[in-house]
Amino acid sequence: MTVAVETGLWTLDTAASAVALKHKTMWGLVTVKGTFGAVRGGGEVAADGSATGTIALDAASLDTKNAKRDEHLRGADFFDAANHPEITYAVRSAELRGADTVQVSGQLTVRGISRPHSFTAKLTGASADAVTLDAEFTVDRAEFGMGWNQMGMIKGLATITGTLRFTRATA
């Protein structure tokens, strides 16, 4: 059974949403995990059921539970948060495929560099007033100017996970 999502404007419920990243370091022996404390966004569902919108993360809000590492990640070697305070994902299209699969296509912008990026999300909750999506995808940080890799310590892809709950926007 396919769930119909109500048309109109939707706002990200920041209290019920979370975006995190993980990346293997130390030659693949340690996985660094972090969460973004400041996430915002919204979108619109059209009459045909497709959706567009934007998710924005405050780059400086990344917390890996290590202050020194967080400071380095916010700096010029990685997110360069002083010059590029936001990480954004502009959803160009999101379409429900089947009962709980959403195909998402859009543009990811990190450090002022934009790249097309598509992924599949899972619709984990839908009602007239709220929609929840779970997503996981990988990103090659080098595509966004984050090539710092002292002594080969950081290799491979970063994994981004998100639980995003949207509520109907009120007038």
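Some details on the side chain of T88
Inspection of the secondary structure puts T88 in strand β7 (residues 86–97). Judged by relative accessible area, T88 falls into the buried class, the value being 18%. Filtering out sequence-adjacent residues up to four positions away, T88 remains in contact with I55, A56, Q107, L108 and T109.

A few points about unusual backbone geometry
Even without being glycine, K65 reaches a positive phi, approximately 70 degrees. Its identity is not glycine, yet R111 carries a phi of approximately 60 degrees, on the positive side. The class for R111 is buried, based on a relative accessible area of 18%.

Topic: the pattern of salt bridges
Pairing between side chains of opposite charge can happen when their charged atoms approach one another. Within the structure shown, the criterion is met by five salt bridges. A salt bridge links R97 to E95, with the nearest nitrogen and oxygen atoms 3.2 Å apart.

Description of the packing of aromatic side chains
Aromatic ring pairs are described here by two measures, namely the spacing of the ring centres and the angle between the planes. Counting across every chain of the model gives three aromatic pairs. Judged by centre distance (4.7 Å) and plane angle (25 degrees), the rings of F119 and F137 are stacked. Of the two residues, F119 is situated in strand β9 (residues 113–126) and F137 in strand β10 (residues 130–139); the sequence distance between them amounts to 18 residues. Three or more aromatic residues joined by ring pairs make a cluster, and in this case those are Y89, F119 and F137.

Description of the environment of D13
Tracing the chain through its elements places D13 in the loop between β1 (8–12) and β2 (18–25). For the pair D13 and G42, spaced 29 residues apart in the sequence, the C-alpha separation amounts to 8.9 Å. Residues in contact with D13, not counting those within four places in the same chain, are R165, F166 and T167.

Considering the environment of T11
When you line up the elements, T11 lands in strand β1. Note: C-alpha distance between T11 and I55 (44 residues apart in sequence) is 10.0 Å. Leaving out residues up to four positions away in the same chain, T11 has contacts with G41, G42, R165, F166, T167 and A169.

Looking at the nonpolar core
Ranked by internal contacts, the top residues of the largest apolar core, which has 37 residues, are F36, F79, I87 and V104. With five residues, β10 is the single largest residue contributor to this core.

Points about the pairing of strand β8 (residues 101–110)
In terms of strand pairing, β7 meets β8 through nine bridges, oriented antiparallel. Residue A94 lies in a different strand from β8, and its bridge partner there is V104. As consecutive antiparallel partners, β7 and β8 are separated by three residues, and within that stretch G98 has a phi angle of approximately 80 degrees, a positive value. Note that β8 and β9 share ten bridges and pair antiparallel. Opposite V102, over in β9, you have A121 as the bridge partner. Hairpin connection from β8 to β9: two residues lie between these consecutive antiparallel strands, with R111 at a positive phi of about 60 degrees.

Calculation notes
- Residues numbered from 1 in each chain as written.
- Predicted model: local features only at pLDDT ≥ 70, side-chain atom pairs only at ≥ 80, totals over all residues.
- Heavy atoms only, no water.
- Helix = DSSP H or I, 4+ residues; strand = E, 2+ residues; numbered from the N terminus.
- Buried < 20%, exposed > 50% of the residue type's maximum accessible area, 1.4 Å probe, protein only.
- Contact = heavy atoms within 4.5 Å.
- Salt bridge = Lys/Arg side-chain N within 4 Å of Asp/Glu carboxyl O.
- Phe/Tyr/Trp six-rings, centres within 6.5 Å; stacked < 30°, edge-to-face > 60°.
- Core = buried A, V, L, I, M, F, W, Y, C linked by side-chain atoms within 4.5 Å.
- Pairing = 2+ DSSP bridges.

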